[in-house]
Amino acid sequence: MMTSKQYLPLYVLFGTCEKVLSTFIDLEFLQNPALHAPKIQAILMLAQSPAAEPSLLRLLPSLKVIASGGVGIDHLDLLFIASLGVKVTNTPGVVSDATADIGMGLLLASARKIVQVLSGWKLQYLIYHRFTGSTLGIIGMGHIGYKIAQRGKGFEMKILYHNRNRRAVGATYCENMDDLLRRSDFVMLAVNLTPETTGLIGQRELSLMKPTATLVNVSRGLVVDQDALVKALQSGTIHAAALDVTHPEPLPRDHPLLSLPNVLITPHVGCSTYQTIRRMVEVMVENARAAMNGLPIPNEVKSQ
Ligand SMILES: O=C(O)[C@H](O)CO
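Residues numbered from 1 in each chain as written. Predicted model: local features only at pLDDT ≥ 70, side-chain atom pairs only at ≥ 80, totals over all residues. Heavy atoms only, no water.

1. With respect to the packing of aromatic side chains
Under the convention used in this document: Between the rings of Phe, Tyr and Trp (Trp by its six-membered ring), a pair exists once the centres lie within 6.5 Å; its type follows the angle of the planes, with under 30 degrees stacked, over 60 edge-to-face, and the other angles tilted. Labels follow the DSSP assignment, with helices taken as runs of H or I lasting at least four residues and strands as runs of E lasting at least two, numbered in each case from the N terminus. Type-normalised accessible area, obtained with a 1.4 Å probe on protein chains alone, sets the label of each residue: buried when under 20%, exposed when over 50%, and partly exposed for intermediate values.
Taken as a whole and judged by the stated rule, the model has three aromatic pairs. Ring centres of F131 and F186 lie 5.7 Å apart, and the angle between their planes is 70°; on these two criteria the pair is classed as edge-to-face. Within this pair, whereas F131 is found in the loop between α5 (96-111) and β5 (135-139), its partner F186 is found in strand β8 (residues 186-189), the two being separated by 55 residues in sequence. F186 matches F131 in its accessibility class, with the two residues each being buried. Judged by centre distance (5.2 Å) and plane angle (45°), the ring pair of Y161 and Y173 falls under tilted. Here the residue Y161 occupies a position in strand β6 (residues 158-162), and Y173 occupies one in strand β7 (residues 172-173), the gap between them amounting to twelve residues. For the residue pair Y161 and Y173, the accessibility class agrees, reading buried in each case. Through successive ring pairs, a cluster of aromatic residues spans F131, F155 and F186.

What follows is the structure, encoded as structure tokens:
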């Protein structure tokens with residue numbers, strides 16, 4: 001049975017999971033982290049937490065590991081952290097089902113305008129583009145992309161995907177992303193945020209999409225050029241967008257994406273189920289413990 005005292009050398013940067021984490025960590029410890037800084041060997045943080053500042057990390061001479069929850073590690077400066085001799089871990093696979101669920105939920109809600117019609121009869125929203133049997137283009141065929149493809153097949157969708165390499169996923173590979181953009185009724189972004197994927201979808205890419213198409217993003221806000229997206233949605237270049245991620249999060253209240261009638265936005269809740277977060281925290285703790293004890297680390301992320 002774990003007790004919080006065993007975890008005294010952990011310092012937690014809270015994201016949205018305070019309740020779950022507090023079952024593992026002695027909250028009293030957080031009152032005065034500076035006092036404990038020399039003892040801290042591990043930081044647990046969530047993928048959507050603010051970046052771990054170099055100025056903070058330099059204060060922690062005993063730090064061995066940053067155990068990040070979720071799959072994305074774009075909030076971490078891997079090269080700088082490696083230069084401190086500190087390991088980084090994530091929790092791949094744990095978030096895939098829940099994130100794919102949100103992706104499909106957004107897709108379906110957007111296609112059938114479920115949010116727009118919730119409050120009753122609004123004639124302009126009563127006819128939809130079909131969902132079952134349409135073409136779904138997935139950009140990024142990792143764990144999450146794969147789970148989305150499986151769900152799409154349940155809706156009898158034709159599945160296209162674009163990825164750095166071809167995978168045996170029972171879907172049509174588009175080596176050229178433009179080809180996928182031209183052919184898809186729904187485009188789902190499920191890539192990691194890297195320098196190569198930052199701004200992946202801009203004005204040119206949006207102009208290749210069908211005017212009836214919907215863009216769904218469960219990846220990271222920065223994968224899309226948001227100004228270009230606003231223009232594409234206002235001008236009818238594409239039909240709609242459904243976003244679980246934006247940049248920044250949350251968007252400022254006066255951001256045009258928040259008032260467009262053809263946009264649905266959820267607040268980065270892809271992985272937010274009790275079961276996913278609990279498992280995520282368990283894996284974070286397993287990773288942190290392994291690194292702290294010099295054991296093989298289950299999910300180490302190497303800097304390139
Ligand atoms: O990166 C992830 O896994 C999700 O965005 C959760 O933060």
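Picking up after the structure, the text goes on.
2. Examining the domain arrangement of the protein chain
The condition that has to hold: For every domain, the bounds stem from an assignment made automatically or drawn from a database. We call two residues in contact when some of their heavy atoms are within 4.5 Å. Buried area is understood as the total, over both parts, of accessible area removed when two parts are fitted together, assessed with a 1.4 Å probe.
The domain boundaries assigned to the protein chain delineate domain 1 (27-93 + 273-301) and domain 2 (95-265). Here domain 1 and domain 2 have C-alpha centroids that lie 31 Å from each other. Taken together, the eleven residues of domain 1 in the interface contact eight residues of domain 2. Buried surface at the junction of domain 1 and domain 2, summed over both partners, amounts to about 740 Å²; 59% is from carbon and sulfur atoms.

3. Remarks on the packing of α5 against helix α6 (residues 143-154)
Two quantities define a packed helix pair, namely the angle between the axes and the distance from one axis to the other. Selection criterion: Axis lines are fitted to C-alpha atoms, over the contacting stretch for helices. Their N-to-C directions set the angle, which ranges from 0 to 180 degrees. Working rule for angles: under 35 degrees goes down as roughly parallel, over 145 as roughly antiparallel, 65 to 115 as roughly perpendicular, anything else as oblique. By convention the crossing between two helices is left-handed if the near helix lies anticlockwise of the far one by an angle smaller than a right angle, and right-handed if it lies clockwise. Classes in brief: Ala, Val, Leu, Ile, Met, Phe, Trp, Tyr, Cys and Pro nonpolar; Asp, Glu, Lys and Arg charged; the others, Gly included, polar.
For the pair α5 and α6, the least separation of the axes is 8 Å and the interaxial angle reads 50°. It follows from the interaxial angle that α5 and α6 lie oblique. Relative to α6, α5 is oriented so that their crossing is right-handed. The segment α5 lies against α6, with S96, D97, T99, A100, D101 and M104 engaging H143, I144, K147, I148, R151 and G152. Of the residues assigned to the contact of α5 with α6, the class counts are four nonpolar, four polar and four charged.

4. Observations regarding the pattern of salt bridges
Two side chains that carry opposite charge are able to pair once their charged atoms sit near each other. Note the cut-off: Counted as salt bridges are all cases of a side-chain nitrogen of Lys or Arg within 4 Å of a carboxyl oxygen of Asp or Glu.
In the structure shown here, the tally under the stated rule is twelve salt bridges. Note that R204 is salt-bridged to E205, the shortest N-O span being 3.3 Å. Here R204 falls in the partly exposed class, since its relative accessible area comes to 42%. The network of salt bridges with shared partners includes D97, D101, K147 and R151.

5. Here we look at a nonpolar patch on the surface
Stated precisely, the cut-off is as follows: Each patch is assembled from residues with relative accessible area greater than 30% and no salt bridge, linking like charges that lie within 9 Å and nonpolar side chains (Val, Leu, Ile, Met, Phe, Trp, Tyr) that lie within 5 Å. Note on areas: Shrake-Rupley with a 1.4 Å probe; residue coverage comes only from the protein chains shown.
Taken together, the side chains of I114, V115 and L118 define a hydrophobic patch exposed on the protein surface, amounting to about 280 Å² of accessible area. Relative to the assigned elements, L118 resides in the loop between α5 and β5.

6. So, unusual backbone geometry
The peptide bond linking H247 to P248 adopts the cis configuration, its omega dihedral lying at 0°. Summarising the element assignment, P248 is placed in the loop between β10 (240-243) and β11 (263-265). Looking along the chain, the bond that leaves E249 and enters P250 is cis, with omega of -10°. By secondary structure assignment, the location of P250 is in the loop between β10 and β11. Positive phi, close to 50°, is recorded for K113, a residue that is not glycine. Residue placement: K113 occurs in the loop between α5 and β5. Of note in this structure, E156 is not a glycine but carries a positive phi near 55°.

7. Some remarks on the UniProt feature "domain: D-isomer specific 2-hydroxyacid dehydrogenase NAD-binding" (unreviewed entry) in the protein chain
As a reminder, the rule being used: UniProt positions are given in the numbering used here, feature names are shortened, and annotations may be inferred rather than shown by experiment.
In the UniProt entry, the feature "domain: D-isomer specific 2-hydroxyacid dehydrogenase NAD-binding" (unreviewed entry) is given for residues 106-270. Helix makes up 25% of residues 106-270 and strand 16%, whereas the separation of the span's terminal C-alpha atoms amounts to 10 Å.

8. Description of the environment of V223
Take V223: it is sitting in the loop between β9 (214-217) and α9 (226-235). Among the residues examined, V223 registers a relative accessible area of 0% and is labelled buried. Linking V223 and P267, residues 44 residues apart in sequence, is a C-alpha distance of 16 Å.

9. A short note on the pairing of strand β3 (residues 65-69)
Keep this limit in mind: By this definition, two strands are paired if DSSP reports at least two bridges between them.
Where burial is concerned, most of β3 is hidden: five out of the five residues are buried. Burial along β3 is two-sided: V65, A67 and G69 and I66 and S68, pointing in opposite directions, are all buried. Relative to β3, strand β2 (residues 42-46) runs parallel, the two being bridged by five bridges. Following the sheet pairing, A42 is matched in β3 by V65. Bridging between β3 and strand β4 (residues 87-89) involves three bridges; their strand directions are parallel. Note on β4: the bridge partner recorded for I66 is V88.

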